[in-house]
Amino acid sequence: MKKYLLSFLVIVYSFTFFTGCANDPEPQDQYDNYVRDGWTAFQGKNYNLAIQKFNSAKGVYSNRGAAYLGLGWSYMLIDSLNDAVGEFSDAENYGELTTNLFAGWAVALNALKRFDESNFRIAQVFQRDTGWVFQYDTRYTTNDLNILSAENYFLLGEFSKSLDQIRLVNPAFTADILTPEGLIALAAEIERQKRTIFVGKRK
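Given the structure is predicted, the values throughout are model-derived calculations rather than measurements. (Residues numbered from 1 in each chain as written. Predicted model: local features only at pLDDT ≥ 70, side-chain atom pairs only at ≥ 80, totals over all residues. Heavy atoms only, no water.)

Caption draft 1: Quick look at the overall build of the protein chain. Helix and strand counts for the protein chain stand at 10 helices and zero strands. Along the protein chain, helices and strands appear, N-terminal first, in the series α-α-α-α-α-α-α-α-α-α. Per-residue burial for the protein chain yields a buried fraction of 41% across its 203 residues. A fraction of 55% describes how many contacts in the protein chain between residues 6 or more apart in sequence connect residues 24 or more apart. Of the roughly 11,000 Å² that the protein chain leaves accessible, carbon and sulfur atoms contribute 55%. (Helix = DSSP H or I, 4+ residues; strand = E, 2+ residues; numbered from the N terminus. Buried < 20%, exposed > 50% of the residue type's maximum accessible area, 1.4 Å probe, protein only. Contact = heavy atoms within 4.5 Å. Areas by Shrake-Rupley, 256 points an atom, 1.4 Å probe, with all protein chains shown as cover.)

So, in structure tokens, the structure goes:
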């Protein structure tokens, strides 16, 4: 009797185990679901939940860039800028070589006052897509990057390049950058554009 009971229990256990495994999503599906849920939370401005979901995706596959990209944007929007830059760097290392990566990275680097590096990342966006729009928050566009680039160049003392970038956003603007008055006007225009286009969007 004990022998038959033991055999029955083994059969039941095996059936339960294999049935359970069959119902569990494959790792690829788990990863994709976590990344998708992360961006859904991001679009709802629930950045802490987004971070949780992207970290769960990273727990499934730690060598894929999509989760790191989501973490970078999410950390940036809660002003954890150093964390954001670290995640963007990991995303690049794991092959996430997209305009969304380089654009987010540029924004974070600008906020950290790493102006030369920010411009390098902006250039990587423009090389791939001069009409970039961030699909998960369409308020972020190429115009933002032009304004950031103008600010970066201005603070690096490259005033001619700064003027070129701001004129891409406001072609009617002009200033004699060889004069103090012209530089003051350029600085004021950059600040005006940041107020109307960029500042406040990271909240």
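Next comes the rest of the account.
Caption draft 2: How the structure looks around the confidence of the model for the protein chain. For the protein chain, per-residue confidence averages 88 on the pLDDT scale, and residues scoring 70 or more make up 85% of the total. Scored below 50 in pLDDT, residues 8-22 shows zero contacts in the model against residues more than four places distant or in partner chains. (pLDDT = per-residue confidence, 0-100.)

Caption draft 3: Main features of the packing of helix 6 (residues 99-111) against helix 8 (residues 142-155). Packing of helix 6 against helix 8 leaves a shortest axis separation of 11 Å and a crossing angle of 35°. The way helix 6 lies across helix 8 gives a crossing that is left-handed. Seen from helix 6, the contacting residues are Ala103, Ala106, Val107 and Asn110; seen from helix 8, they are Leu145, Leu148, Glu151 and Asn152. For the contact of helix 6 with helix 8, the residue count by class is five nonpolar, two polar and one charged. (Axes fitted to C-alpha atoms, helices over the stretch in contact; angles between N-to-C directions. Left-handed = near helix turned anticlockwise from the far one by under 90°. Nonpolar A, V, L, I, M, F, W, Y, C, P; charged D, E, K, R; others polar.)

Caption draft 4: Region of interest: the nonpolar core. Of all hydrophobic cores here, the largest spans 38 residues; its most connected members are Trp39, Phe42, Trp73, Met76, Phe88 and Trp132. For this core, the secondary-structure elements that each account for two or more residues are helix 2 (27-43), helix 3 (47-60), helix 4 (65-76), helix 5 (81-93), helix 6, helix 7 (115-128) and helix 8. The dominant element in this core, judged by the number of residues it contributes, is helix 6, at eight residues. Formed by 12 residues, the second largest nonpolar core is a distinct cluster that contains Ala150, Ala175, Ile177 and Ile197. (Core = buried A, V, L, I, M, F, W, Y, C linked by side-chain atoms within 4.5 Å.)

Caption draft 5: Summary view of the packing of aromatic side chains. The full count for this structure, using the stated rule, is 16 aromatic pairs. Taken together, a centroid distance of 6.5 Å and an interplanar angle of 90° make the contact between Phe42 and Trp73 edge-to-face. Note that Phe42 is positioned in helix 2 and Trp73 in helix 4, a separation of 31 residues in sequence. Neither Phe42 nor Trp73 differs from the other in exposure class; each is buried. Relative to Tyr136, the ring of Phe134 lies with its centre 5.7 Å away and its plane at 75°, an arrangement referred to as edge-to-face. For Phe134, a relative accessible area of 0% translates into the label buried. (Phe/Tyr/Trp six-rings, centres within 6.5 Å; stacked < 30°, edge-to-face > 60°.)

Caption draft 6: Expanded view of helix 7. With 14 residues, helix 7 should cover 20 Å at 1.5 Å per step; its first-to-last C-alpha distance of 20 Å lies within 8% of that length. On its buried side, helix 7 packs onto helix 5, helix 6 and helix 8. (Expected span 1.5 Å × (residues − 1).)

Caption draft 7: How the structure looks around the side chain of Arg121. Take Arg121: it is sitting in helix 7. For Arg121, the side chain forms a polar contact with the side chain of Gln124, separated by 2.8 Å. Filtering out sequence-adjacent residues up to four positions away, Arg121 remains in contact with Glu92, Phe102, Trp105, Ala106 and Leu109. (Polar contact = N/O pair within 3.5 Å; in protein donor to acceptor, adjacent residues only side chain to side chain.)

Caption draft 8: Just the side chain of Glu151, in detail. Take Glu151: it is sitting in helix 8. Residues contacting Glu151, with those up to four places away along its chain left out, are Asn110, Ile190, Glu191 and Lys194.

Caption draft 9: A look at the environment of Ala103. Take Ala103: it is sitting in helix 6. Setting aside chain neighbours within four positions, we find Ala103 in contact with Trp73, Val125, Trp132 and Leu145.

Caption draft 10: Local environment of unusual backbone geometry. Here the phi dihedral of Lys45 falls at roughly 65°; this positive angle occurs in a residue that is not glycine. In this structure, Lys45 sits in the loop between helix 2 and helix 3. Overall, the relative accessible area of 44% leaves Lys45 in the partly exposed class. Located in the positive-phi region is Asp79, a residue other than glycine, with phi close to 65°.

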